[in-house]
Amino acid sequence: MLVARNLVKRFKDRVAVDGICFEVRRGSTLGLLGPNGAGKTTTLSMLIGLLSPDSGEVLLDGAPIGTGAGGQKHRIGLVPQDLALYDELSAWANLQLCGGLYGVTGEPLKKRAKDALELVGLGDRAHDRVGSFSGGMKRRLNIAGALLHDPELILLDEPTVGVDPQSRNAIFENLEELRRRGKTLVYTTHYMEEAERLCDQIVIIDHGKVIADDDLAGLYRLLEGTNEVTLELASEADTQLLTDLRALDGVSSVLPEGRLVRLEIADVGVTLARALDLVVARGVDVVTLRSEHASLESVFLLLTGRELRDASQAGSSAS
Ligand SMILES: Nc1ncnc2c1ncn2[C@@H]1O[C@H](COP(=O)(O)OP(=O)(O)OP(=O)(O)O)[C@@H](O)[C@H]1O
Ligand SMILES: [Mg+2]
């Protein structure tokens with residue numbers, strides 16, 4: 001449905017987006033992930049035609065999106081990272097304004113505004129001033145504002161930032177409902193578990209470039225050990241036991257921490273049984289055992305590293 005082809009955007013000597021390509025299938029949810037400053041918001045701004053790329057193009061069903069008013073923009077809704085709401089106006093008046101900007105007026109706008117408020121759980125707060133809303137309510141209203149022209153494609157830039165688990169859950173349910181209605185979603189977030197729950201396809205960008213584009217299963221395969229197993233032992237593991245564990249096929253890392261030993265292993269079924277045999281043969285009792293499937297966060301850190309982005313950018317401009 002949507003194609004980003006070789007998008008490049010510079011701000012003076014800083015390259016914010018450096019040749020980004022990806023495709024979004026109709027009806028799917030694509031997660032656009034990346035550290036602070038990776039270029040997510042800049043990319044979304046080009047997808048919706050708010051910013052013109054220095055080179056490259058955005059195609060919606062094969063036609064260029066363009067940056068002028070009109071064109072195909074009525075088919076896309078944007079939930080911006082910065083709240084696009086007027087505190088002095090009521091929720092209802094804000095939605096009337098958003099709808100009006102897309103040329104929706106009269107009865108159709110009233111009906112859509114009512115539906116959008118119901119969807120985000122604010123039906124009973126329509127006539128309250130937005131200034132009196134909590135952060136989570138504002139985030140939900142910010143989503144409603146993108147729905148009034150009934151777009152087929154919705155771009156959401158960190159729609160859950162700074163809200164409590166209840167509001168996040170309500171927002172997920174809104175997004176899942178939109179997906180059930182056949183909408184196509186492009187979604188940025190720093191919460192990896194959200195992307196794991198919602199997204200069919202995940203594009204990870206860093207320093208303005210795509211560094212991974214796959215479904216979750218494909219991303220997990222990038223990790224050598226896709227399971228993280230923690231053994232709590234009755235006594236600290238000795239050097240010999242650690243060496244034997246490291247030598248096991250399918251074990252990619254062994255990290256002792258007091259009486260705990262963390263193992264990264266490819267296959268719980270076979271390798272874990274062998275690891276336990278080694279521990280028992282060494283005469284050490286296992287007190288507890290916890291096994292978790294590797295998370296998207298581990299993949300994200302593997303691909304993007306652990307260095308702080310804000311710190312690394314402070315001294316360099318276009319590097
Ligand atoms: N209008 C602008 N003028 C100058 N530089 C900009 C502008 N907008 C973005 N940038 C720079 O482009 C880079 C990418 O910014 P962008 O906002 O796209 O990142 P992001 O991935 O959305 O980050 P975050 O997760 O913090 O929202 C950053 O280095 C940022 O400072
Ligand atoms: Mg951003």
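This brings us to the domain arrangement of the protein. For the protein, the assigned domains read domain 1 (2–220) and domain 2 (227–293). Each of domain 1 and domain 2 was reduced to a C-alpha centroid, and the two centroids are 44 Å apart.

Here we come to the site of ligand 1. Near ligand 1, the surroundings consist of 15 residues, among which Gly-37, Lys-40, Thr-41, Thr-42 and His-190 are the closest. Thr-41 is positioned such that a nitrogen or oxygen atom in its side chain is 2.8 Å from an oxygen atom of ligand 1. Looking at the shell around ligand 1, the elements with two or more residues in it are β2 (14–24) and α1 (40–47). Take the shell around ligand 1: its biggest share by element is three residues, from α1. Class assignment of the residues belonging to the shell around ligand 1 gives a composition of four nonpolar, eight polar and three charged.

This next bit is on the sheet that holds strand β11 (residues 227–233). In sheet architecture, strand pairing relies on hydrogen bonds along the backbone and comes in two forms, parallel and antiparallel. The strand order across the open sheet built from four strands is β12-β13-β11-β14, with neighbouring strands paired in antiparallel fashion. The open sheet has two free edges, formed respectively by β12 (251–257) and β14 (286–293), since each of these has just one partner strand. The sheet shows a mean angle of 15° between the axes of neighbouring strands, direction not considered. Relative to strand β13 (residues 260–265), β11 runs antiparallel, the two sharing six bridges. Along β13, the bridge assignment pairs Glu-228 with Glu-264. In the packing of helix α8 (residues 239–247) onto the sheet, the strands contacted are β11, β12 and β13, and the crossing angle to β12 comes to about 160°.

On to the coordination of the magnesium ion (ligand 2). Protein-derived ligands of the magnesium ion (ligand 2) are Thr-41 (OG1) and Gln-81 (OE1), with the metal-ligand distances lying across 2.0 to 2.2 Å. One end of the pair, Thr-41, is in helix α1; the other, Gln-81, is in the loop between β6 (76–79) and α2 (91–101), and 40 residues separate them in sequence. Relative accessible area serves as the criterion here: at 32%, Thr-41 is assigned to the partly exposed category.

A word on the layout of surface pockets. If you add up the space inside the largest pocket, you get close to 490 Å³. As for the largest pocket, its lining consists of 20 residues, of which Leu-78, Cys-98, Leu-101, Tyr-102 and Gly-145 are closest to the centre. When contributions to the lining of the largest pocket are tallied by element, the ones reaching two or more residues are α2 and α4 (135–144). Broken down by class, the residue content of the lining of the largest pocket amounts to 14 nonpolar, five polar and one charged.

Next up on the list: the environment of Glu-297. Within the fold, Glu-297 resides in helix α10 (residues 296–304). Its relative accessible area of 43% is what places Glu-297 among the partly exposed residues. Sequence spacing of Glu-297 and Tyr-191 is 106 residues, and the spatial spacing of their C-alpha atoms is 8.6 Å.

This next bit is on the packing of α4 against helix α5 (residues 165–180). It is at 10 Å that the axes of α4 and α5 come closest, and there the two elements cross at 15°. The orientation of α4 with respect to α5, classified from their angle, is roughly parallel. Crossing of α4 against α5: the hand is right-handed. Between α4, through Gly-136, Arg-139, Arg-140 and Ile-143, and α5, the contact on the second element is made entirely by Ser-167, Ala-170, Ile-171 and Asn-174. Of the residues that constitute the contact of α4 with α5, the class distribution is three nonpolar, three polar and two charged.

Moving on: the nonpolar core. Counting residues in hydrophobic clusters, the biggest one holds 48 residues, and the most contacted among them are Leu-33, Leu-141, Leu-175, Ile-202 and Leu-296. Here this core gets five residues from one element, more than from any other, and that element is helix α3 (residues 106–119). Dropping the residues within four chain positions of it, Leu-296 is found in contact with Leu-33, Met-192, Ala-195, Glu-196, Ile-202, Leu-216, Leu-219 and Tyr-220. In this structure, Leu-44, Ile-65, Leu-153 and Leu-155 belong to the second largest nonpolar core, which totals 24 residues.

A word on the pattern of salt bridges. With the rule as written, the count across this model stands at 23 salt bridges. Among the salt bridges present, the one from Arg-26 reaches Glu-152, with a minimum N-O distance of 3.7 Å. Here Glu-152 lies in the loop between α4 and β7 (153–157) and Arg-26 lies in the loop between β2 and β3 (29–33), a separation of 126 residues in the sequence. Among the salt bridges present, the one from Asp-150 reaches Lys-183, with a minimum N-O distance of 2.8 Å. Of this pair, Asp-150 sits in the loop between α4 and β7 while Lys-183 sits in the loop between α5 and β8 (184–188), and the two are 33 residues apart along the sequence. Residue Lys-183 is classed as buried on the basis of its relative accessible area, which comes to 12%. Salt bridges sharing partners connect three or more residues here, namely Arg-26, Asp-61, Arg-75 and Glu-152.

Definitions and cut-offs
- Residues numbered from 1 in each chain as written.
- Chains lettered and ligands numbered in written order.
- Predicted model: local features only at pLDDT ≥ 70, side-chain atom pairs only at ≥ 80, totals over all residues.
- Heavy atoms only, no water.
- Domains from an automatic or database assignment.
- Near = heavy atom within 4 Å.
- Polar contact = N/O pair within 3.5 Å; in protein donor to acceptor, adjacent residues only side chain to side chain.
- Helix = DSSP H or I, 4+ residues; strand = E, 2+ residues; numbered from the N terminus.
- Nonpolar A, V, L, I, M, F, W, Y, C, P; charged D, E, K, R; others polar.
- Pairing = 2+ DSSP bridges.
- Axes fitted to C-alpha atoms, helices over the stretch in contact; angles between N-to-C directions.
- Contact = heavy atoms within 4.5 Å.
- Donors = N, O, S within 2.8 Å, 3.2 Å for Na, K, Ca; no water.
- Buried < 20%, exposed > 50% of the residue type's maximum accessible area, 1.4 Å probe, protein only.
- 1 Å grid on protein atoms, 1.4 Å probe; cavity = no way out; pocket = protein on both sides within 12 Å on 5 of 7 lines; lining within 4 Å.
- Points joined across faces, edges and corners; volume = space filled by probe spheres on them.
- Parallel < 35°, antiparallel > 145°, perpendicular 65-115°, else oblique.
- Left-handed = near helix turned anticlockwise from the far one by under 90°.
- Core = buried A, V, L, I, M, F, W, Y, C linked by side-chain atoms within 4.5 Å.
- Salt bridge = Lys/Arg side-chain N within 4 Å of Asp/Glu carboxyl O.

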